[in-house]
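Summary of structural features
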Amino acid sequence: MSIRHPSFPAAVVLALSLAAAAVAQTRPIAFQGGRILPVEGAPIERGVLIVQDGKIVAVGPQDSTPIPSGAEVRDVSGKVLMPGLVDSHSHIGGGSGVGADGSGPIQPEVRALDGIDVGSSSIAKARAGGITTVNVMPGSGHLISGQTLYLKLRPARTIDDLLIRLPDGSPAGGLKMANGTNPRRDAPFPGTRGKAASLVRERYVAAQEYQAKVARAKDDPEKRPARDLALEQLGEVLAGRRVVQHHSHRHDDIMTVLRLSKEFGFKVVLHHVSEGWKVADEIAAAGVACSIIYVDSPGGKLEARDMDIRIGAIMEKAGVRVGFHTDDPITDSRLFLRSAGMAVRGGMSRDGALAGLTLANAEILGLQDRIGSLTPGKDADFVVLSGDPLSVYTHVEQTWIEGALAFDRSRPADHLWAVGGPGAGDPLRPHYCCFGNAWGVIAAANAAAQ
Amino acid sequence: MKTFSFLRVLPSLSLARPSARCVARTLAPALLALMIAVPASSAAPEAASPAPAAPVSAPSVAIRGDTVYPVNGSPLKDGLVLIREGRIVYVGPAAGQSYGADVRELRAAVVVPGLVDARATVGVSGMLNQPHDQEQVDRSAPLQPELRAVDAYNARDELVAYVRARGVTTVHTGHGPGVTISGQTLVVKTKGRTAEADVLRPAAMIAATLGADATTADRGKSPGTPAKAVALLRTELIKAKEYADKRAKLPEDKRPPRDLRMEALGRALDGSQPLLISVDRGRDILAALRVAREFNLKIVLEGCAEAPLVLDEIRTSGFPVVLHPTMERSFGTRENLSMETAAVLRRAGIPFAIQSGFEDYVPKTRIVLYEAAVAAGQGLDRDAALAAITLDAARIIGVADRVGSLEVGKDGDVALYDGDPFEYVTRCVGVVIDGVVYPGE
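The paragraphs below set out a description of the structure included in this document.

About the criteria used
Note that residues are indexed from 1 along each chain, following the sequence as it is written. Here every chain gets a letter starting at A, and every ligand a number starting at 1, in the order they are written. Residues qualify for local features only when their pLDDT is at least 70, as the model is predicted, and side-chain atom pairs are given and counted only at 80 or more; totals for whole chains, interfaces and linings, by contrast, use all residues. In computing side-chain properties, one takes all heavy atoms of the structure into account and sets aside hydrogens as well as water. Numbering of helices and strands starts at the N terminus; helices are DSSP runs of H or I of at least 4 residues and strands are runs of E of at least 2. Two residues form a contact once any of their heavy atoms are found within 4.5 Å. Classification of ring pairs rests on two measures: the distance between centres of Phe, Tyr or Trp rings, Trp counted by its six-membered ring, which must be within 6.5 Å, and the angle between planes, read as stacked under 30 degrees, edge-to-face over 60 and tilted in between. The criterion for a charge sitting over a ring is simple: Lys NZ or Arg CZ within 6 Å of the ring centre, and within 35 degrees of the ring normal. When two parts are put together, the accessible area they lose, computed with a 1.4 Å probe and summed over both, is reported as buried area. In what follows, salt bridge is the name for a side-chain nitrogen of Lys or Arg lying within 4 Å of a carboxyl oxygen of Asp or Glu. When a residue's accessible area, from a 1.4 Å probe over protein chains only, is under 20% of the maximum for its type it is buried; when over 50% it is exposed; and in between it is partly exposed. Paired strands, as defined in this entry, are two strands with at least two bridges between them according to DSSP. Each nonpolar core is a collection of buried residues, namely Ala, Val, Leu, Ile, Met, Phe, Trp, Tyr and Cys, held together in the definition by side-chain atoms within 4.5 Å. Delimitation of the domains relies on an automatic or database domain assignment. For every element, the axis is a line fit to its C-alpha atoms; helices are fit only across the contacting stretch, and the angle between N-to-C directions ranges from 0 to 180 degrees.

**Some details on the side chain of T169 of chain B**
By the element assignment, T169 of chain B lies in strand 6 (residues 168-174). The contacts of T169 of chain B, once residues within four sequence positions are left out, are G114, L115, V188, K189, T190, D413, V431, V432 and I433 of chain B.

**Here we look at the packing of aromatic side chains**
Residues and elements named next belong to chain A. As enumerated under the stated definition, the model contains 6 aromatic pairs over all chains in all. Ring centres of F31 and W400 lie 5.0 Å apart, and the angle between their planes is 80°; this geometry places the pair in the edge-to-face category. Within this pair, whereas F31 is found in strand 1 (residues 29-36), its partner W400 is found in strand 16 (residues 396-401), the two being separated by 369 residues in sequence. One aromatic cluster in this structure is built from F31, F382 and W400. Over the ring of F189 we find R185; its NZ or CZ atom is 3.8 Å from the centre of that ring.

**Focus: the interface of chain B and chain A**
Taken together, the contact between chain B and chain A spans 52 residues of the former and 48 residues of the latter. In this assembly, chain B packs against chain A so that about 4,600 Å² is buried in total across both faces, 58% of it on carbon and sulfur atoms. The interface formed by chain B and chain A contains 3 salt bridges. The shortest N-O distance in the salt bridge between E158 of chain B and R305 of chain A comes to 3.5 Å.

**Here's the deal with the pairing of strand 17 (residues 404-408) of chain A**
Walk down a regular strand and you will see the side chains alternate between the two sheet faces. Residue and element names in this part refer to chain A. The buried fraction of strand 17 amounts to 4 of the 5 residues, a majority that puts the element mostly inside the structure. Of the strand pairs in this sheet, strand 16 and strand 17 are connected by 4 bridges, and their pairing is antiparallel. Bridge pairing links T399 to F407 in strand 17. Here strand 16 hands over to strand 17 after 2 residues, with E402 in that stretch at a positive phi of 50°.

**With respect to the nonpolar core**
Within the largest apolar cluster, 177 residues are counted, with the highest numbers of intra-cluster contacts made by Y204, I283 and F324 of chain A. Ranked by residues supplied to this core, first place goes to helix 11 (residues 368-377) of chain B with 8 residues. Split by domain, the residues of this core number at least three in each of domain 1 (20-112 + 405-438) and domain 2 (116-396) of chain B. Residues contacting Y204 of chain A, with those up to four places away along its chain left out, are I144, L175, M177, L234, V237, L238, V244, F264 and F266 of chain A.

**Observations concerning the pattern of salt bridges**
Overall, the coordinates contain 59 salt bridges over all chains when judged by the stated rule. For R250 of chain A, the salt bridge goes to D252 of chain A, with nearest N and O atoms at 2.6 Å. The class for D252 of chain A is partly exposed, based on a relative accessible area of 26%. The salt bridge partner of E275 of chain A is K278 of chain A, with a shortest N-O separation of 3.4 Å. Since its relative accessible area comes to 30%, K278 of chain A is described here as partly exposed. Residues joined in a network through salt bridges with shared partners are R87, K189, K191, R402, D411, D413 and D434 of chain B.

**Some points on the sheet that holds strand 12 (residues 268-272) of chain A**
Residue and element names in this part refer to chain A. Pairing in this open sheet of 6 strands is mixed, and the strands run 8-10-11-12-13-14 from one edge to the other. The strands lining the two open edges of the sheet, one partner per strand, are strand 8 (144-147) and strand 14 (322-324). Strand-to-strand, the axes of this sheet are offset by a mean angle of 25°, without reference to chain direction. Relative to strand 10 (residues 175-178), strand 8 runs antiparallel, the two sharing 3 bridges. Of the residues in strand 10, the one forming a bridge with Q147 is L175.

**Observations concerning the sheet that holds strand 14 (residues 414-417) of chain B**
Residues and elements named next belong to chain B. Pairing is mixed across the open sheet formed by 7 strands, whose spatial order is 3-2-1-4-14-15-16. The open sheet terminates on both sides in strands that have one partner only, identified here as strand 3 (87-93) and strand 16 (436-438). Strand-to-strand twist across the sheet, computed as the mean angle between neighbouring axes with direction ignored, equals 35°. Judged from the 3 bridges that link them, strand 15 (residues 428-433) and strand 16 form a sheet pairing that is antiparallel. Paired with I433 across the strands is V436, a residue of strand 16.

Okay, structure coming up:
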């Protein structure tokens, strides 16, 4: 993938990105001989995957899938190919700098776009884990902590290199909301669950009225209300153009999410859902998808005490669409495949678990037409594995994004991201830290000298 | 809530006398929740009355495995481990062996020694993560070696039963990292009764931390830097040496009064209760080795994220390493940790074990089996990975005469799995401690 010039205006970048993909790789590449797990469709024992111009052009058995003349053929015998992993909830690229601040519990106007550090080592580590698309979320310390951002983990110099553009050119993303204990603090934050729901309802009611005013004004700028970045975004949610990605653990908090979603008609995905197994039928009846996390033990916070490894299995059985997430740094992006292994240990079907890493998450992000399975026409995002995706002994050998090699474990620099070691820490942090300290020391010395 | 019909219970484990509690596990999540809410009932798995304090009355158990890994020897196909009165009396081929009808028979695909976690805080740092169940660090002073782990260990914390259900039968737990000396540690079996009833070594080690993780940013509070922490530690060790000398040499009326802190450090000085020093940066590992040399201490290095940078120094010291969890979050002093360090230590010939460590957030504890599994997935040979959570761990924490391998005469501690214990999809299907059978996952 070529690196685009950062100073071009967004519209030019958009146009260029379409052109760039075409320029980047016109010669088809055929990956031949590996076991292919397309996720949509049955496994292919000895298959061929053909990609061209950043897209998948063919997937099929080796003996019945013709390889175009002039194609670069790569032998992947003994390997396993599956779609690039999609992580529906992560905090790579900056952590707490990505979302709202402590000034209030509801800040939908804050964009992850303005806070992500593309130089963070966490992004390189996610590529090493086979993650090709990720939903970077602001934290859960607010009722509404800001706009999330869906990213393709292409090689990047600036955040623009990572964006997934919607047809109107705007970057794809959701709205992060949370309930339960995380957003509970001293005023103006809520002190109780009832207060939390009330604050959220007030803002959505305000957004409805704002929307109505805008609609009544039609094209008359005199009648149009003053722009309000927060209400505009809630309006996007009410209009169904932005999905609410909602942190919720306890069964009663989950029910509150479903209640608010019904009242205001917004589209929502439940995240973490620790006690979802207690209300699986209700979640299924509401038609709400879940993005769940697997951790090695319950506890660590009161709301997580009833976490259970069987949750994926229970949800699957109830008919809920289930994706997984790392919540990086809660779990490590490099070990995202492990979530599927744990899901199967907890009784989930193998197919469901593999979809939980890929297609289900693509649906959770509304990107299922572009990513999530090895299907002709979709983006050429896939991973080459050394063995079965559910085995602890399997390594992600290569990560391909839009037909370009984004991670290769055999390269020493990439191996470092894959396993860690001296130099795998964040290169930027010591820099900031030491300048800060040095200035502090100099200031103190000056003060002492005077 | 629906029944858990997909939940296969103890799949390859045939129970001659199926326990009512095991069957109950299949019924409903409500029951599961009930069990969680009443940890006391899950602590004594089969007895209506409290489980016996001594293993003498434990029933005889025959454990057959498609593969039995004794750890101190070669794997056995179709192997048998026979336990009588809480101790192992036979390990070998199952063929030709007979035992009485009174012997309870268990079967599993894979049988290994009960797992030994070389460094945990389970039972001290409780599941709920609320002030009332977090006993791992008191921050009122930087050096408190007199704090005993037996006074802090809650055998009935739900996490104790949780790690046991995944195969962990012995833990080295106690005061945690985070201050220069936080207190003592103990070694217990995960039976979940009381500290006294379950303990193997009540005063195993003294937990210390060097480096940025044990400094305070509060103005005027010490230690504010890693170097200051070393100075504090050295000062206290010198005091303890002088105290010990005076107590030993002076006539009774001239002796200094008893001082619990000095007594504890005295045990660190004479090697009977070694310092377990948590260090991650290369610089801090070297500082720990320097202090050990100065005071001729026997120490155990713990954490050691940057061990690959100072491998020669660690090897030359001869001290063992209790390595950080393989999946530890790589932040702060651990930003450079590698999932391959276990393999690196193995190649360097440095004795090591793998730990579950301390977690201050979700998940509240790690499972040492899974940490070894990922090390095995990242280049550590599987036998070494298993040893790192059984026999090698038992050696480092001083209980290898009792646990860590399947040998005649050792405690009847066994973990049973329905496949390769390291694989993500494998389940623990049963656990035996001193011949007493506990449920698996």
